[in-house]
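Observations on the model geometry
One letter stands for each residue in the lines below.
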Amino acid sequence: MDIKYIEQLLESFYEGATSIEEERVLFDFFQGTDVPESMKDEQQLFLKLYRSEEIAVPFGLESKLENLIDELDKDNKSDTKPARPKIKSINWKWVSGIAASIVIFISAGLFFHKSFDKKSDFVVQDTYSDPKEAYRETQKTMLLVSNKLNKGLQQVETVQGNVDKVNKIMNKNNIQL
């Protein structure tokens, strides 16, 4: 059999693009005795994949898997509304955001301080003639900001709850990244 053709079939097989007939050709080739030394690993792979030997399942594996699935299902049902997650590490994005805000406020303060020292014509004008109306508008604005902030915090809590669930499952199954 042509080795180049077999190599092309192997490449297609590893890409998942072979038909059953092409896999049969590969299996027949690897069952033969004239397999080159460079393809001995592939020969072992094909013979193990396509032999109809029964694979021994360890005793109790099925019950262990069922118990694990049931336990995970219980965890999912009991976590309908997770408690506020504990903060275990520093979120550096928040810290850097706060630091940037502080720098902006200090810069703005210094800018306005220096501009008032120069006795410029910069005068803050009132946009409302009625102080009660100004107060109501300020309350509306503060309420809007509060609602948006609470919505964002709820989304962060939801994501944190999901991350905690994944970490719990990974720790239970001793999975490390």
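Only a predicted model underlies this, so the values are computations on that prediction, with no experimental measurement involved.

Reading the values: rules and limits
- Residues numbered from 1 in each chain as written.
- Predicted model: local features only at pLDDT ≥ 70, side-chain atom pairs only at ≥ 80, totals over all residues.
- Heavy atoms only, no water.
- Helix = DSSP H or I, 4+ residues; strand = E, 2+ residues; numbered from the N terminus.
- Expected span 1.5 Å × (residues − 1).
- Buried < 20%, exposed > 50% of the residue type's maximum accessible area, 1.4 Å probe, protein only.
- Arc of directions from axis to C-beta.
- Contact = heavy atoms within 4.5 Å.
- UniProt positions renumbered as here; feature names shortened; annotations may be inferred.
- Axes fitted to C-alpha atoms, helices over the stretch in contact; angles between N-to-C directions.
- Left-handed = near helix turned anticlockwise from the far one by under 90°.
- Phe/Tyr/Trp six-rings, centres within 6.5 Å; stacked < 30°, edge-to-face > 60°.
- Core = buried A, V, L, I, M, F, W, Y, C linked by side-chain atoms within 4.5 Å.
- Salt bridge = Lys/Arg side-chain N within 4 Å of Asp/Glu carboxyl O.

Overview of helix 2 (residues 20-31)
Helix length check: helix 2 (12 residues) gives 16 Å between terminal C-alpha atoms against 16 Å at 1.5 Å per residue, within 8%. For helix 2, every residue scored as buried is listed here: Glu23, Leu26, Phe27, Phe29 and Phe30. Angularly, the buried residues of helix 2 cover 160 degrees about the axis, an arc narrow enough to put them on a single face. On its buried side, helix 2 packs onto helix 1 (3-15) and helix 3 (40-50).

Quick notes on the side chain of Gln43
With respect to the helices, strands and loops of the structure, Gln43 is situated in helix 3. With sequence-adjacent residues up to four places away left out, Gln43 is seen in contact with Phe30, Gly32 and Val35.

A short note on the UniProt feature "transmembrane region" (unreviewed entry) in the protein chain
UniProt records the feature "transmembrane region" (unreviewed entry) at residues 94-112, using the numbering of this structure. Along residues 94-112, the helical share is 100% and the strand share 0%, with 27 Å between the first and last C-alpha atoms.

Some points on the packing of helix 2 against helix 3
Contact geometry for helix 2 and helix 3: axes closest at 9 Å, N-to-C directions at 115 degrees. Regarding helix 2 and helix 3, the two cross each other, and that crossing is left-handed. Counted together, Glu23, Leu26, Phe27, Phe30 and Gln31 of helix 2 and Glu42, Gln43, Phe46, Leu47 and Tyr50 of helix 3 form the full contact between these two elements.

What about the packing of aromatic side chains?
Per the counting criterion, the structure on display carries three aromatic pairs. Each ring, one from Phe29 and one from Phe30, has its centre 5.2 Å from the other, and the planes form 65 degrees; the classification is edge-to-face. By relative accessible area, which is 0% here, Phe30 ends up buried.

Looking at the nonpolar core
Judged by nonpolar contacts, Ile6, Leu9, Leu10, Phe13, Leu26, Phe29, Phe30, Val35, Met39 and Phe46 together constitute the single largest core of 10 residues. Of all the elements in the fold, those that place two or more residues in this core are helix 1 and helix 2. Broken down by element, the residue count for this core peaks at four residues, all from helix 1.

Observations concerning the pattern of salt bridges
Following the criterion strictly, the structure yields three salt bridges and no others. The shortest N-O distance in the salt bridge between Lys172 and Glu71 comes to 3.0 Å. Note that Lys172 is positioned in helix 6 (residues 131-172) and Glu71 in helix 4 (residues 61-78), a separation of 101 residues in sequence. Looking at Lys172, the relative accessible area reads 34%, which means it is partly exposed. Take Glu71: its relative accessible area is 37%, and that puts it in the partly exposed class.

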